[in-house]
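# Overview (structure and organization)
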Amino acid sequence: MALISIKNLSIGYQTKGGLLKAVDNISFEIEQGRPLGLVGESGCGKTTIGMTLMGLLPDNARILSGSIDFQNHDLTQLGEDQWRKIRGKDIAMIFQAAMNALNPVMRVDEQVIEAIVTHKPGISPGDLDKRVKELFDLVEIPRIRMKDYPHEYSGGMKQRVIIAMALACNPQLIIADEPTTALDVIVQDQILQEIRSLQMIMDTGLIFISHDIAVVASVCRDICVMYGGQIVEMGTREEVFGTPCHPYTKTLLGSYLSLNNEWKVIIPTMRKAPDLTLKSGCCRFAVNCKICSNAGTSGIPSWINISKTHRALCCSEGIIRKKK
Amino acid sequence: MNMVKNSSLIQMKGVTKEYIPRKWFFSKDQSRVVALNEVDLSIKKGEIFGLVGQSGSGKTTLGRLLVRLEEPTSGSISLKGSLINTLKGPSLKDFRSKVQMIFQDPYQSLNPHLSIAQTIGEPLVVQGIGNTRQRRSKVLHTLEIVGLSPGQDFYDRYPHQLSGGQRQRVAIARAIVLEPEFIVADEPTSMLDATIAIQLFTLLLQIRETFNMTILFITHNLAAANYLCDRIGVIHEGCIVEVNTAKKIIGDPVHPYTKKLIRVQPCFDFNRG
Amino acid sequence: MPIWIRGLPIDVRGRTKGVFMLKNHYVQRFLQSWKIFIENPLGKTGVIILFVFMVMALASFVVPHINPMYDPMIGIDPNISISTGPSLTHWLGTDNVGRDLFAQLLEGAKVAFIVGLSSAFFSIVLGMVIGMISGYAGGTLDTFLMRTADIIMVLPSLVILLILSSLFGQFNIWIIVFIIAIMRWPAVSRVIRSQTLSLKHRPFIEASKVAGASHLRIIFRHIMPNVLPLAFLYMTFRVTSAILVEAALSFLGFGDPSQVSWGMMLQWVWKSGNMFHAPYWLLPPGISISLLTLAFYLLGRAMDEVLDPRLRKEGRA
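What counts, and at which threshold
- Residues numbered from 1 in each chain as written.
- Chains lettered and ligands numbered in written order.
- Predicted model: local features only at pLDDT ≥ 70, side-chain atom pairs only at ≥ 80, totals over all residues.
- Heavy atoms only, no water.
- Helix = DSSP H or I, 4+ residues; strand = E, 2+ residues; numbered from the N terminus.
- Buried < 20%, exposed > 50% of the residue type's maximum accessible area, 1.4 Å probe, protein only.
- Contact = heavy atoms within 4.5 Å.
- Areas by Shrake-Rupley, 256 points an atom, 1.4 Å probe, with all protein chains shown as cover.
- Axes fitted to C-alpha atoms, helices over the stretch in contact; angles between N-to-C directions.
- Left-handed = near helix turned anticlockwise from the far one by under 90°.
- Buried area = accessible area lost by both parts, 1.4 Å probe.
- Salt bridge = Lys/Arg side-chain N within 4 Å of Asp/Glu carboxyl O.
- Polar contact = N/O pair within 3.5 Å; in protein donor to acceptor, adjacent residues only side chain to side chain.
- Pairing = 2+ DSSP bridges.
- Expected span 1.5 Å × (residues − 1).
- Arc of directions from axis to C-beta.
- Phe/Tyr/Trp six-rings, centres within 6.5 Å; stacked < 30°, edge-to-face > 60°.
- Nonpolar A, V, L, I, M, F, W, Y, C, P; charged D, E, K, R; others polar.

In terms of helices and strands, chain C carries 11 helices and two strands. Starting at the N terminus and ending at the C terminus, chain C contains elements arranged as β-β-α-α-α-α-α-α-α-α-α-α-α. Taking all 317 residues of chain C together, 47% fall into the buried category. Contacts in chain C between residues at least 24 apart in sequence constitute 69% of all its contacts with a sequence separation of at least 6. For chain C, the computed accessible surface area is about 16,000 Å², with 71% contributed by carbon and sulfur atoms.

In C-alpha cells form, the structure reads like this:
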C-alpha cells in the first residue's frame, strides 16, 4: 500500500501568454521509508509538484486533472480549511531558503513550539518541553542554543531548525525542496547525512526535490527525472543513473561534473526551452532530441518498460531498447 | 627568477583587504572584518586559474580587487609587472580595457533598459574604439563567438527576452569584446542548470584558445574547477591555503581543508555502460 | 503551433514578435504599461477627468476668437456691469465687471496645467539629478546634499512664498512656478537617492565600471533609465501639490494679477463680496481645483500599480 499515490496529475498556470502546463500528466507513488527523488532543471515543474502536495499553489495555478490519494483522501479536492489540518501535521515541508523561513524576531525554540502547538493545542507544558528538547537533540543542536534568535545561527543550523520544525508533528510525508542548495558543500554534506539518518529513524515518506543529481542520488532510492513538466524516466537510482535510457537523462548525467568523470562529459548542444503550451501528451524534449530529429518520430511518446521498476517516456521504443 | 616573472600575468604580494564596519555612536567594538589576509598569488599568462572556496572565504573580494572594483588595504597587485593599485585617469582607463569581469547572476548583470547590442557595445563606446559601423560588426562577430548565432537575431533584443544561459553568454560577450588579456569570472554558472553550465565551460575554454586569454575562474564547485582549470588555488577564511595544478590538488591534496573539501564533494559512482 | 523545418521547429509567432519588438522596445514597454494602466479603474477615471480638463484648456485658446468679449482678462460684456448668473450668452454667468466666467474657467484650466506640469517637471529634474548624484557619490557630497534637502523639506513652502511675495511685490507666474519647483525637489531626491543606492552595487553598474565608463556615463546612461519611471510617478504627485499651492497663493492675493487662474477667480469672488450670493462664480473654480488634483492623484496611484507589480492582482490576464 503506497503512502501517497499521484495519478495523471496536470497543473497549469494561467498567464498572459495563455495556459502554461507546468506539470503534465504525471503519476508516481511513494512508499513509506523509500525516499523518492525528483530531479530536473529549473522550470521542469518539480517545485510545482512539491507545492501541490502542500496545498500551497499560487492563485493563478490550478489543477487541471488527476488525483492525489493520501490516507483515503483525494488531496486535489480539499478546501483550505482541510488543508490547514493536514499541512504541517501529516505532510510537512523543508524549504529551500532557510534564511527566510524563520521569523527573525522570534526565538528559535518558540518557533518550534509554535509548529507543535498549531496541531496539538491541548499538549501539556511538560510534554511540550520534552518534545522540543527531543527535536533539538534529533537535529543535533545543543540545548544551550535553543533560546537564540535565528540571526545568531549559521546557515546549516538554521536549516536544521527548519528540519526540526518539519518533524515536529511526526509527519507521514516530508517534502524537501532543494534543502541544501543555498548551503556550502561542507554544510550540505552534514545536512544530507542528517536527512538520511533521520529518514532511517523516523521511517517516513520523503520526496526529495533537487536539481543536483548527486545530492538526490545520495538520499533517494527511487528517482524520477523530470523535463518540461513531464516525468521522462523513473526507476531505482542504480537503474536510472547506472543505465539511463531516456536521451534527456543521458544529457543530464553527461553534463554533471564530478571529480572523476571528466572523460565521460558530454557537451549538450544549444537547447531550446521546452514549450509548456504544447498539447498534453506531446513529448516536450522532442525539440532537443537527437533521436527525434534523426528519425522524425510522431512526437507522441509512450511509456517503455525496461525492467519491473525502470521505465522511460519516449517516442522511439526501438532505439531505447537497442541502446540498452 | 626572470623566467617566472615573465610568464606571470598577475602578481599579488601580501594583499590584505579589511572592511571596517560602520561606526555607530554607541558601539564599542571596533573589530575589522578581514576578507583577505596577506595573500600571495601569481597567475600565469594563458592559464585558467581556479579559485575554490566557500561563501565568505574572500574569493569574490579577491576577484574584485583584481579588476579594481575595490582597493586593497595593503599589499601590491601588478599586471605584467606594472602596479595597478595606484592607477588613475587615462592609465586606469587603459587598464580597464585589459581586464574584464563576468558576474555571477546573469539576471542582475545586464541593464534591463539596454539592448543586447548596446550592452555588448558599451565597452567599445566607453573606450572610444571604432565608428558605429565598425562597432556593429564587432558586436555581431562577438555574438557569433559566444554562440548566439545568428547574431542579427539577438542584436536588437533586450535581456528580458533571453534565457539565463543566453544572458550569461551576452555577459561573456561584453567581457571579451575588448579582447582583454585577463578575465575574472566570478561563479559564472552557479545560478544556471548543469546542462547550461557545461556549455558555458566549453565556451570559456574556446575563448581561451582563440584569444589566448588568462582567466581567473572563481567557484565553490571543486569539480567544475577541476574540469576547467590548469591550476587551482584553495581559499579558506581569507588565506590561500594551497595552490597546485588541478591534477595534484584533486589527486594529492596536502592541506587538511582541501582534503575535507574533496571528501564532501557529492560523489556519484554508478558506473555507467 | 511550431512549424517544422528540417526537423527543427521554428516558432513563427515568437520570431515575428521578436522582430516587431526590435526597434520599438520603448514603445512596446509603454504600450504594455499603458494597458495595465488603463485597465485600472483608478487610472481610467483619472485619465477621463484629465482629458476633460485638457479639452477645456485647449478650448481656452479658441474662445476669445469667437467674440472679443469672451477674453477672460480684458473681454467685458458692454451690457453687463454687475455679476449675473448663467445665461445663454454667458454659460456660467459673469463676474462683477462683466467678464465671462466660463472663459475664465477655461483659461484657469490652461494655467493650472502650465503651473502644475512645469513646476512638477522642474522639481523632478532637479530632484532626480541631485538624488542620483547624491546616491552615487556618497560620502561628504551625499551628506551635504541630503542635509540641504532636509532643510528645504521642513520649510513651510506656502509661508515662504507669502513672505517672499510680500517682500518683493507680486510675482510673475513663472517665478511662482520656479519657487514651487525649488521648494518641492527634496522629497523626490530622497526617493531617487535610495533607488540609486540599491542600483549602485548591481552588477550591471559594476560591469560598466570595469569597462571604464565615467561616472557621468554611469549616472545618465545606466542609472537614469532605471529611476525614470519612479520620477514620473512622483511627478504626478508634484503636479497636485503645485496646483494647490498656486491656487492658495492666488486666493490669498499673492498671485500674478495679470493672469487669470482658478485661485485668482476665487480671490475675485471673495474680494468683490460675491462669495455668498454667487455660487455660479464660487463653485466652478473650486470644484475644478479639486477634480484636477484628484485626477493627477488617481493617475499617480494607477502608475504606482504599473511600476510595482506586487500591487497588481495576479492572474489578471
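Once you've had a look at it, read on.
With that settled, the discussion passes to the packing of helix α4 (residues 108–119) of chain A against helix α5 (residues 125–138) of chain A. Residue and element names in this part refer to chain A. Two elements in contact, α4 and α5, have axes whose closest approach is 10 Å; the angle formed by their N-to-C orientations is 115 degrees. Considering how the two elements wind past one another, α4 and α5 form a crossing that is right-handed. On the side of α4, the interface is formed by V108, D109, V112, I113, I116 and V117, while α5 contributes L128, R131, V132, L135 and F136.

At the interface, 31 residues of chain B touch 32 residues of chain A. Interface of chain B and chain A: buried area, both sides summed, is about 3,000 Å²; carbon and sulfur atoms make up 65% of it. At the surface where chain B touches chain A, the tally comes to zero salt bridges. Connecting chain B to chain A are five residue pairs in polar contact (both at pLDDT 80 or more). Elements supplying a minimum of two residues to the side of chain B that touches chain A: α8 (194–211), α9 (222–228) and α11 (256–264) of chain B. Considering each element in turn, the side of chain B that touches chain A owes the most residues, six residues, to α8(B).

Pairing in this open sheet of four strands is antiparallel, and the strands run β2-β1-β4-β5 (chain B) from one edge to the other. In this open sheet, the two edge strands, each paired with only one partner strand, are β2 (33–44) and β5 (82–83) of chain B.

Let us look at the side chain of N85(B). Residues and elements named next belong to chain B. Mapping N85 onto the fold places it in the loop between β5 and α3 (89–96). Polar contacts involving the side chain of N85 include one to the main-chain carbonyl oxygen of G75, which spans 2.9 Å. Residues in contact with N85, not counting those within four places in the same chain, are R68, E71, P72, G75, S76 and I77.

As a further point, take helix α5 (residues 132–145) of chain B. Residue and element names in this part refer to chain B. Compared with the 20 Å implied by 1.5 Å per residue over 14 residues, the 20 Å span of α5 between its first and last C-alpha is a close match. When we look at burial in α5, the residues that qualify are V139, L140, T142 and L143. What you see down the axis of α5 is that its buried residues fit within an arc of 165 degrees, all on one side. Elements in contact with the buried residues of α5: α4 (116–126), α6 (151–155) and α7 (164–176). A positive phi of about 85 degrees marks G147, the residue just after α5.

Right, let's talk about the environment of Q11(B) for a bit. All names here are of chain B. As for its position among the elements, Q11 is in strand β1 (residues 8–19). The exposure class of Q11 is partly exposed, given its relative accessible area of 24%. Separated by 45 residues in sequence, Q11 and G56 have C-alpha atoms that sit 23 Å apart. Here Q11 is in contact with L41, S42, S76, I77 and S78, once residues within four sequence places are set aside. Polar side-chain contacts of Q11 include one of 2.9 Å to the side chain of S8.

Residue and element names in this part refer to chain B. Pairing within the open sheet is mixed, and its six strands lie in the order β6-β7-β8-β3-β9-β10. What marks the edges here is a single partner per strand, and that holds for β6 (99–102) and β10 (239–245). With direction set aside, neighbouring strand axes in the sheet form an average angle of 20 degrees. Pairing between strand β7 (residues 182–186) and strand β8 (residues 214–219): five bridges, direction parallel. The residue bridging I183 from the neighbouring strand is I215, located in β8. Seen against the sheet, α11 touches β3 (48–52), β9 (231–236) and β10 and runs at an angle of roughly 105 degrees to β9.

The relation between two aromatic rings is expressed through the spacing of the ring centres and the mutual angle of the planes. Per the counting criterion, the structure on display carries 13 aromatic pairs over all chains. For the pair Y227(A) and F285(A), a centre-to-centre distance of 5.0 Å together with 85 degrees between the ring planes defines the contact as edge-to-face. Residue Y227(A) is located in strand β9 (residues 222–227), and its partner F285(A) is located in the loop between α10 (247–254) and α11 (290–295); the two are separated by 58 residues in the primary sequence. Overall, Y227(A) belongs to the buried group, its relative accessible area being 4%. With centroids separated by 6.2 Å and ring planes inclined at 45 degrees, the aromatic side chains of F201(B) and Y227(B) adopt a geometry described as tilted. A residue pair is termed long-range when its members are at least 10 positions apart, and F201(B) in helix α8 and Y227(B) in helix α9 qualify at 26 residues.

Here the focus is the interface of chain C and chain B. Of the residues lining the interface, 22 residues belong to chain C; the matching set on chain B comes to 28 residues. A combined buried area of about 2,500 Å² lies between chain C and chain B, and 55% of that area is made up of carbon and sulfur atoms. Our count for the chain C to chain B interface comes out at two salt bridges. Across the pair R217(C) and E122(B) runs a salt bridge, and its minimum N-O distance is 2.9 Å. On inspection of chain C and its partner chain B, the count reaches 12 residue pairs in polar contact (both at pLDDT 80 or more). Listed by contribution, the elements that provide at least two residues to the side of chain C that touches chain B are α1 (12–23), α2 (25–39), α8 (203–210) and α9 (215–251) of chain C. Partitioning the side of chain C that touches chain B into residue classes produces 10 nonpolar, five polar and seven charged.

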